[in-house]
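Residues per chain, in single letters:
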Amino acid sequence: MAKKKRKTRTSKKSQEQPIISKMVYLIITLVFFIASNMYLTDTLLDEMDLGLVVSNPVFALRYVQNTGAAFSLLEEYPYAVTILSVIALLVVLVYTVNNLTTLSMKAVFWSSLLMSGIFCNLYERIFLGYVRDFIQLTFVEFPIFNFSDMAINISVIAIIILLLHKNILKNI
């Protein structure tokens, strides 16, 4: 009997350790992504104010103030976009924290990147009244976007790939 209790304690302790390390990892990556996004955006826009011009066959830097959601959707409903952003951020955060035991480190990474993109756009929307977009693809007709939009789109694609991969492995 003593051996069973010992194994239970060990397995419980080994389960707690990954949760703690995943939580620390989530916090560190989230802070890093948010800080990097804000710093790079501010630095790039400051350089553009000082005369930086980039325009080539692939992309150009062109500053616009976007009061809508991604790709200027819902521009006439800025409060709705803010509320939807808060809901999306909370849903991803609560899901990630509640499922740390089953999520892989890759999933935690991509969830962190997703939350950072949502947070940075939400921060600008609340404190500036708009989102600062500045990256324009010149080889295709496409809306102007920012680093947060890239983080959101890349992380959503990565999460979909992780889910598809998990489902494919489950069915094998």
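Residues numbered from 1 in each chain as written. Predicted model: local features only at pLDDT ≥ 70, side-chain atom pairs only at ≥ 80, totals over all residues. Heavy atoms only, no water.

1. Topic: the nonpolar core
One recurring pattern in soluble globular proteins: nonpolar side chains tend to sit buried together.
At step 1: Leu 89, Val 108 and Met 115 are the most contacted members of the largest nonpolar core, which has 14 residues in total.
At step 2: Mapped onto this core, the elements with two or more residues apiece are helix H1 (2-49), helix H2 (78-98) and helix H3 (105-128).
At step 3: Core analysis: the second largest hydrophobic core is formed by seven residues, Leu 44, Met 48, Phe 134 and Phe 145 among them. (Core = buried A, V, L, I, M, F, W, Y, C linked by side-chain atoms within 4.5 Å. Buried < 20%, exposed > 50% of the residue type's maximum accessible area, 1.4 Å probe, protein only. Helix = DSSP H or I, 4+ residues; strand = E, 2+ residues; numbered from the N terminus.)

2. So, the pairing of strand S2 (residues 131-137)
At step 1: The buried fraction of S2 is high, at five of seven residues.
At step 2: Taken together, the six bridges between strand S1 (residues 59-66) and S2 define a ladder with antiparallel strand orientation. Counterpart to Val 64 in the pairing with S2 is Asp 133. (Pairing = 2+ DSSP bridges.)

3. A look at the pattern of salt bridges
Side chains that carry opposite charge are capable of pairing whenever their charged atoms lie near each other.
At step 1: Per the counting criterion, the structure on display carries two salt bridges.
At step 2: Across the salt bridge formed by Asp 42 and Arg 132, the nearest N and O atoms sit 2.9 Å from each other. Of this pair, Asp 42 sits in helix H1 while Arg 132 sits in strand S2, and the two are 90 residues apart along the sequence.
At step 3: Looking at Asp 42, the relative accessible area reads 34%, which means it is partly exposed.
At step 4: Of the residues examined, Arg 132 reaches a relative accessible area of 16% and is grouped as buried.
At step 5: Put simply, Glu 124 and Arg 132 hold a salt bridge, and the shortest N to O gap is 2.9 Å. Residues Glu 124 and Arg 132 agree in their burial class; the two are buried.
At step 6: Overlapping salt bridges, with partners in common, bring together Asp 42, Glu 124 and Arg 132 in one network. (Salt bridge = Lys/Arg side-chain N within 4 Å of Asp/Glu carboxyl O.)

4. Some words on a nonpolar patch on the surface
At step 1: On the surface, a cluster of nonpolar side chains totalling about 690 Å² of accessible area is made up of Leu 73, Leu 74, Tyr 77, Ile 83, Leu 84, Ile 87 and Val 91.
At step 2: When you line up the elements, Leu 84 lands in helix H2. (Patch = residues over 30% accessible without salt bridge, like charges linked within 9 Å, V, L, I, M, F, W, Y side chains within 5 Å. Areas by Shrake-Rupley, 256 points an atom, 1.4 Å probe, with all protein chains shown as cover.)

5. Some thoughts on helix H4 (residues 147-170)
Three or four residues apart is the spacing at which side chains of an α-helix point the same way, because the helix has 3.6 residues per turn.
At step 1: In this model H4 runs 34 Å from its N-terminal to its C-terminal C-alpha over 24 residues, within 8% of the 34 Å that 1.5 Å per residue would give.
At step 2: Those residues of H4 that fall on the buried side of the exposure criterion are Ser 148, Asp 149, Ala 151, Ser 155 and Ala 158.
At step 3: Between the side-chain oxygen at the start of H4 and the backbone nitrogen of Ser 148 there is a gap of 3.0 Å, and the oxygen is on Asn 146. (Expected span 1.5 Å × (residues − 1). Polar contact = N/O pair within 3.5 Å; in protein donor to acceptor, adjacent residues only side chain to side chain.)

Function cannot be inferred from these measures alone, as they are strictly geometric.
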